[in-house]
Protein chains: 4
Amino acid sequence: MIVKLEQDVSAAEKEALIEKVKSLEYKVTTVRTQEAEYLVGTGSKEFDIRLIGNSKGVEDVHRVSDVYKLVSRKWKVQPTRISLGDGVEIGEGSLSIMAGPCSIESEEQIDLVSRHLVENGVSIMRGGVFKPRSSPYSFRGVGLAGLKTWSGVARANGIKIISEVMDVAQIEEMYPYIDVYQVGARNTQNFNLLDALGRVDKPVLIKRGISGTIEELLQSAEYIFSGGNEKLMLCERGIRTYERSSRNTFDLNAIPILKEKSHLPVISDPSHGIGIRHHVESIALATLMAGADGIIYEVHYSPEDAYSDGQQTVDFRESSEMIRKMREVFALREGL
Amino acid sequence: MIVKLEQDVSAAEKEALIEKVKSLEYKVTTVRTQEAEYLVGTGSKEFDIRLIGNSKGVEDVHRVSDVYKLVSRKWKVQPTRISLGDGVEIGEGSLSIMAGPCSIESEEQIDLVSRHLVENGVSIMRGGVFKPRSSPYSFRGVGLAGLKTWSGVARANGIKIISEVMDVAQIEEMYPYIDVYQVGARNTQNFNLLDALGRVDKPVLIKRGISGTIEELLQSAEYIFSGGNEKLMLCERGIRTYERSSRNTFDLNAIPILKEKSHLPVISDPSHGIGIRHHVESIALATLMAGADGIIYEVHYSPEDAYSDGQQTVDFRESSEMIRKMREVFALREGL
Amino acid sequence: MIVKLEQDVSAAEKEALIEKVKSLEYKVTTVRTQEAEYLVGTGSKEFDIRLIGNSKGVEDVHRVSDVYKLVSRKWKVQPTRISLGDGVEIGEGSLSIMAGPCSIESEEQIDLVSRHLVENGVSIMRGGVFKPRSSPYSFRGVGLAGLKTWSGVARANGIKIISEVMDVAQIEEMYPYIDVYQVGARNTQNFNLLDALGRVDKPVLIKRGISGTIEELLQSAEYIFSGGNEKLMLCERGIRTYERSSRNTFDLNAIPILKEKSHLPVISDPSHGIGIRHHVESIALATLMAGADGIIYEVHYSPEDAYSDGQQTVDFRESSEMIRKMREVFALREGL
Amino acid sequence: MIVKLEQDVSAAEKEALIEKVKSLEYKVTTVRTQEAEYLVGTGSKEFDIRLIGNSKGVEDVHRVSDVYKLVSRKWKVQPTRISLGDGVEIGEGSLSIMAGPCSIESEEQIDLVSRHLVENGVSIMRGGVFKPRSSPYSFRGVGLAGLKTWSGVARANGIKIISEVMDVAQIEEMYPYIDVYQVGARNTQNFNLLDALGRVDKPVLIKRGISGTIEELLQSAEYIFSGGNEKLMLCERGIRTYERSSRNTFDLNAIPILKEKSHLPVISDPSHGIGIRHHVESIALATLMAGADGIIYEVHYSPEDAYSDGQQTVDFRESSEMIRKMREVFALREGL
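The structure presented is a predicted model; accordingly, all values stated were derived computationally and were not measured.

Here is what the cut-offs are and how they apply
Residues numbered from 1 in each chain as written. Chains lettered and ligands numbered in written order. Predicted model: local features only at pLDDT ≥ 70, side-chain atom pairs only at ≥ 80, totals over all residues. Heavy atoms only, no water. Helix = DSSP H or I, 4+ residues; strand = E, 2+ residues; numbered from the N terminus. Rg over C-alpha atoms; globule rule 2.2 N^0.38 Å. Buried < 20%, exposed > 50% of the residue type's maximum accessible area, 1.4 Å probe, protein only. Contact = heavy atoms within 4.5 Å. Areas by Shrake-Rupley, 256 points an atom, 1.4 Å probe, with all protein chains shown as cover. Lys, Arg positive; Asp, Glu negative; His and termini not counted. Charge placed at Lys NZ, Arg CZ, Asp CG, Glu CD. Least-squares fit on C-alpha atoms with pLDDT ≥ 70 in both. Pairing = 2+ DSSP bridges. Expected span 1.5 Å × (residues − 1). Buried area = accessible area lost by both parts, 1.4 Å probe. Salt bridge = Lys/Arg side-chain N within 4 Å of Asp/Glu carboxyl O. Nonpolar A, V, L, I, M, F, W, Y, C, P; charged D, E, K, R; others polar. Polar contact = N/O pair within 3.5 Å; in protein donor to acceptor, adjacent residues only side chain to side chain. Domains from an automatic or database assignment. pLDDT = per-residue confidence, 0-100. Axes fitted to C-alpha atoms, helices over the stretch in contact; angles between N-to-C directions. Parallel < 35°, antiparallel > 145°, perpendicular 65-115°, else oblique. Left-handed = near helix turned anticlockwise from the far one by under 90°.

**Student:** Help me understand the overall build of chain A, please; the structure alone is not making it clear to me.
**Tutor:** Check the secondary structure of chain A and you find eleven helices and 14 strands. The C-alpha radius of gyration computed for chain A amounts to 21 Å, which stays within 12% of the reference 20 Å derived for 336 residues, consistent with globular compactness. Seen along its three principal axes, the alpha-carbon backbone of chain A occupies a region of about 65 × 45 × 40 Å. Buried positions account for 65% of the 336 residues belonging to chain A. Residue pairs at least 24 apart in sequence account for 68% of intrachain contacts in chain A once pairs closer than 6 positions are excluded. Put simply, chain A shows about 11,600 Å² of open surface, and 45% of that area lies on carbon and sulfur atoms. Averaging the locations of the 41 positively and 48 negatively charged side chains of chain A gives two centres separated by 2 Å.

Quick look at the structure:
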């Protein structure tokens, strides 16, 4: 069950409620987010919901049977909208486009990409500063210094930035510069990282694990939510299978299933999803049609010269074309 | 290499050509289809293509490096169109809708579904008469008698029928009644069946294996093509993975990749692809946007009462809605 | 439930029994094998087992809740032993070694391998005569003629032969020459083939599907058993996964799980399981230790010259070494 | 290439070497471990190895073509042995048994398990103090306090302890109490954690990722090694696949393949590998036969009452039986 507490609940009332829930043989976890305070009860005994609903300090109470409760649409029927400030919002009803290079490489690159985004009316830029290269001998990223430079340029252009955080220690140092933290596919179940992100008041985009299940993605979101942070987005980016024609297998089913199970925005990543530059557009448009609230993809002024992921990165011309089509498809979808 | 022979090539000319190709250390396979006769050479030695191209009896010659050659788009650049007669065609530029129940159950059911298809302008009906139930204690299908009845009703309504053939012996008995043979996901690599279908002059839709690769699907098509039958369609129907939220995982990447690699029409099966009735529409529309030439799905007047696959079958109301939307999405796609 | 009928049950008694089972809302399937006649009832209603057990014509009755019943160890607690004649037996308590080339190539090859087997006390030889090559341009096998030659040599040497049957039509033509039919991994769910093999009185080894589940393997065995043939063996040969270091992934868990769930002998195929010649021995010994009743592997006098599967085939020296070690490991296992 | 520097190399000699390697168009990474200092060069240009080998300060130089170099057996042919002190060693030629509960629960539990291990001559105990529960509402572990208690009891009994470290911050606080750090399957690619463990002088056991490849496991080991820590062990613990009969699929091939590719000890985890209590022994014995240098498994005085993983944990009686058999199988293997 999820009990939403009234804004002005007293300490005594809260204590009494906790005791009452425990008396029903439910384990209680207290959750305070930017929006409200909740008591999440896990258990299975049958109970009369009015026992809780009529108590002092309770704004509302819902039974939720899923393992993940706070992120479940069974509890919060209204879709979550996330504001990044300055009119930039992510959520059902909007088409959010997030584009940028795989790795932030230089100030010149940042300038060129920012200009491209501004020209095309895109408000969110992605880029990696701490790259998780699987070989210790590969490019490691521009680090915090690069993030600061990037942030300066982005803000000057009215652009919000999303970048991957790989370690708890990085959360604080990235905080002043970042607009959305990204949890990468290799860290989807890095619970210490999720815990820490739950204590931060900034949006988080969680990528599905390389071979993660949809349920694990929802549980990871639950981890952060129950830590205190409601501003979450889920992202399908392809899963690992036996198929070798593409880097990953884009699990199309994940889009409608996540939209059904959770009230959180669902983002699609076609760049990693198919990993082949000239097919990124098809995947982007298809997943939009399937219900995605946004697309996050890789763009570079010269993919052949990109430090990383060049084979799946589009150039500015392809990107502009894609943006135009995505808007048409979104419009059609909303009108169907 | 693929050598297309002239229509009026003489036996001597053909013999000479075969010898010439062999002299280049290429193994030669002769292929005669409904359309033409070919010599397919497999080997790797470098050679001057004019050696072959200038010979008597040669209409054209192409180098093709893929393991699968005849079905490769590198050889035949023009997309294949398949005619089922009476103006019913399948291929790039057309949206082919194929709908019907999982199992053919009764004449009443056939009538109701046929009427639904006619009302919605759908020309191709699917249905299983020989069902591959994995347990020996489940429903086995109405058999040949049911196929005859179905065929009669379909023809009276101007509808073409597609049904699964599970064994070589069934090919001949189904021939007078069927318009398209379907090779099921469990038989994708049943080479004896593929061989036999190569010797028949009737279209074949090949489903990707339950855990088949895209390359295997193309090789299975190559098997049939090299047996003499060019009228082939490829179908993505979801693959088996570790994910449990859905029956299969719809590999969205397969659509654009197959379209790129082969000139054959690519069909999408959202019913098996996601296996969840209320999500079938999302998958259908998304895969159309990704480039599919057609959608094959399961419909029944009362899914709850269907003998099989009820959980993924839509009813008439949902089907009509889906058909309307598919046509809108297809129109948008062609216009993008 | 499984009702085993008495040998001398009358038609009237059998009819009465069938009606009684149906009256309990159980669907009835009659199964006659080489050994006995059974009524298999599928349903879920609670019932008093003495209602059936006390009826005339009943030898015994068991409740079996698995989807697969006849092959389940919950019904037949004694492990199944299969006799190939001339003292050659397969089953718990024995170590059955089956070795031979991937493809039968020539009479010389047959002679050399037979001699190797005789020298090493191995009684069962494998070999493919109808090869399921996934490309239409590869070697197809020596066919029936080759099978006859092979059979002659084998019999002269007291060797039993196992070979893959790929199509219903081949069952009859192979019958006089074969000792064990093999159902390949691509045909595990070829239900027409399984049906037909159920009507034949000859042992069958069923390979797990390329991406088949353990349950599907058991259901395929159930198909054949319920068709009338009890002489069945299950074989784990590796499954398809994302891992690329080996051709397949040998699912070690399948060995103890199959031994627990079914009374049928369990055979391990290390050659396809790991696909790397110098590792075949490790896999063979390990799977023996895990409980396998037998090992089937590929051997050739000169693997580098083998028509197929050379990369996973051992030579005679390696084979003799392997046989010696397998016997030691088996002896230790039985003594632990 | 890997250049091992002499113990007494001078700064000038090292600088000159670095320049020489760079002049061959190789990228240079300097690696200092507990044992020695190395220059690891990545590149592909052909070069005369004597150019490097004859230089001052070079102890030896090897060409290594694998992506992972320091952990590759192509470079270091001698198998690595890791000493935990007090005569406890892990590596080829030894059978290392590591056993203990999934979670450390109480001092009483620690006492009981320690006694069991001492009685059976087992020197290494496993246990989790920081549990990575995927749901935020489950048991989280006894933490550092529990680790201290456990360490005290273990040391008093001459037992070494291995426990999972989940975050960089925990490395330092665990240091005084731990003998082996364990990197869990969800953190195999947590590169910040791997980096930090590279700077610590204590053995590390790295578990293969839930859907990790063998190559990724080797690269993760390379990360730590190149960070400065050579005391590493690789562990196969089952991978995620579509199969549902068991929690994971134990990839038997990983054992011989890892032994072949790397000089590091290879450990097998049958508890997670099959996840079914009464099958753990079969898997343990089989993987030992396949070449594993050690087995790590879960044991509890009363598995039914264990806080976590009870379904795959054995009790003391089963554990003693397993230990006896493992020693017999190991002895046979070494003698084959």
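What follows continues from the structure just given.
**Student:** Help me understand the relation of the copies chain A and chain B in this model?
**Tutor:** One chain copy maps onto the other through a rotation about an axis and a shift parallel to that axis. Expressed as a screw operation, the relation of chain A to chain B combines 0.0 Å of axial shift with a rotation of 180°, fitting to an RMSD of 0.1 Å. The transformation just described matches what one would write down for a two-fold rotation axis. Within chain A, the C-alpha atom positioned nearest to the axis of rotation is that of Ala286 of chain A, 2.2 Å from it. Most of the interface of chain A is mirrored in chain B: 100% of its interface residues are interface residues there too.

**Student:** When you look at the pairing of strand β1 (residues 2–5) of chain D in this model, what are you seeing that I'm missing?
**Tutor:** Within a regular strand, the side chains alternate between the two sheet faces. All names here are of chain D. Sheet analysis places β1 next to strand β3 (residues 37–42), joined by three bridges and oriented antiparallel. The residue of β3 that forms the bridge with Val3 is Leu39. Both β1 and strand β4 (residues 58–62) contribute to a ladder of four bridges, which runs antiparallel. Counted as the bridge partner of Lys4 is Asp60 from β4.

**Student:** Looking at this structure, I do not really get helix α4 (residues 143–156) of chain C. What am I missing?
**Tutor:** For an α-helix, 3.6 residues make a turn, and residues three or four places apart therefore share a direction. Residues and elements named next belong to chain C. With 14 residues, α4 extends 20 Å between its outermost C-alpha atoms, agreeing within 8% with the 20 Å of an ideal straight helix rising 1.5 Å per residue. For α4, the full list of buried residues reads Gly143, Gly146, Leu147, Trp150, Ser151, Val153 and Ala154. Buried residues along α4 sit in contact with α3 (107–119), β8 (124–126), β9 (160–164) and α5 (168–174). Within two residues after α4, Gly158 carries a phi angle of roughly 70°, on the positive side.

**Student:** Is there a simple way to explain the interface of chain A and chain C in this structure?
**Tutor:** How large an interface is tends to be reported as the accessible area lost when its parts come together. The interface of chain A with chain C comprises five residues on the first partner and five residues on the second. Together, the buried faces of chain A and chain C total about 480 Å²; carbon and sulfur atoms form 58% of this surface. It is Arg240, Tyr242 and Arg244 of chain A that lose the most area in chain A upon contact with chain C, and together they represent 85% of the buried surface on that side. The interface formed by chain A and chain C includes zero salt bridges. Taken together, the residues of the side of chain A that touches chain C break down into one nonpolar, one polar and three charged.

**Student:** Could you clarify how one ought to interpret the interface of chain A and chain B in this entry?
**Tutor:** Taken together, the contacts link 40 residues of chain A with 40 residues of chain B. Surface buried jointly by chain A and chain B totals about 3,100 Å² across both partners, of which 67% is contributed by carbon and sulfur atoms. Interface area lost by chain A to chain B is led by Tyr242, Asn253 and Leu336 of chain A, which between them contribute 21%. Here chain A is connected to chain B by two salt bridges. Of the charged contacts in the structure, one is a salt bridge between Glu243 of chain A and Arg208 of chain B, with a shortest N-O distance of 2.8 Å. At the boundary of chain A with chain B, the tally comes to 20 residue pairs in polar contact (both at pLDDT 80 or more). Ranked by residues supplied to the side of chain A that touches chain B, first place goes to helix α10 (residues 280–289) of chain A with six residues. Counted by class, the side of chain A that touches chain B contains 18 nonpolar, 14 polar and eight charged residues.

**Student:** What should I look at first to understand the domain arrangement of chain A in this one?
**Tutor:** Residues and elements named next belong to chain A. Examined at the domain level, chain A breaks down into domain 1 (2–62) and domain 2 (82–335). Put simply, the middle of domain 1 and the middle of domain 2, counted by C-alpha atoms, are 35 Å apart. In this assembly, eight residues from domain 1 lie in contact with ten residues from domain 2. A per-residue breakdown of the area domain 1 buries against domain 2 is headed by Val31, Thr33 and Gln34, which together make up 66% of the total. Our count for the domain 1 to domain 2 interface comes out at zero salt bridges. On the surface where domain 1 and domain 2 come into contact, there are six residue pairs in polar contact (both at pLDDT 80 or more). Looking at the side of domain 1 that touches domain 2 element by element, the count peaks at three residues for strand β2 (residues 27–32). Across the side of domain 1 that touches domain 2, the residue classes break down as three nonpolar, three polar and two charged.

**Student:** How should I be thinking about the confidence of the model for chain A in this particular structure?
**Tutor:** Per-residue pLDDT for chain A averages 93, and the proportion of residues at 70 or more is 98%. Among the scores for the predicted complex, ipTM is 0.90 and pTM is 0.88.

**Student:** What's the story with the relation of the copies chain A and chain C in this structure? I'm lost.
**Tutor:** For these two chains of identical sequence, chain A goes onto chain C by a turn of 180° and a shift of 0.1 Å along the axis, with RMSD 0.1 Å. In this assembly, 100% of the residues forming the interface of chain A have copies in chain C that are likewise at the interface, indicating an isologous arrangement.

**Student:** How do you make sense of the environment of Leu234 of chain D when you look at a structure like this?
**Tutor:** Residue and element names in this part refer to chain D. Tracing the backbone shows Leu234 in strand β12 (residues 232–236). Separated by 75 residues in the primary sequence, Leu234 and Ile159 place their C-alpha atoms 21 Å from one another. Contacts of Leu234, omitting those with residues within four sequence positions, involve Ile206, Leu217, Leu218, Ala221, Leu258, Ser262, Leu264, Pro265, Val266 and Ile267.

**Student:** I keep staring at the packing of helix α7 (residues 214–227) of chain A against helix α8 (residues 254–261) of chain A and nothing clicks. Help me out?
**Tutor:** Helix packing for two helices is described by the angle between their axes and how far apart those axes are. Residues and elements named next belong to chain A. Contact geometry of α7 with α8 gives a least axis separation of 11 Å together with a crossing angle of 40°. As the angle between them shows, α7 and α8 are arranged oblique. Here the hand of the crossing between α7 and α8 comes out right-handed. Within the contact between the two elements, α7 uses Ile214, Leu217 and Leu218 and α8 uses Ala254, Ile257, Leu258 and Lys261. In the contact of α7 with α8, the residues fall into six nonpolar, no polar and one charged.

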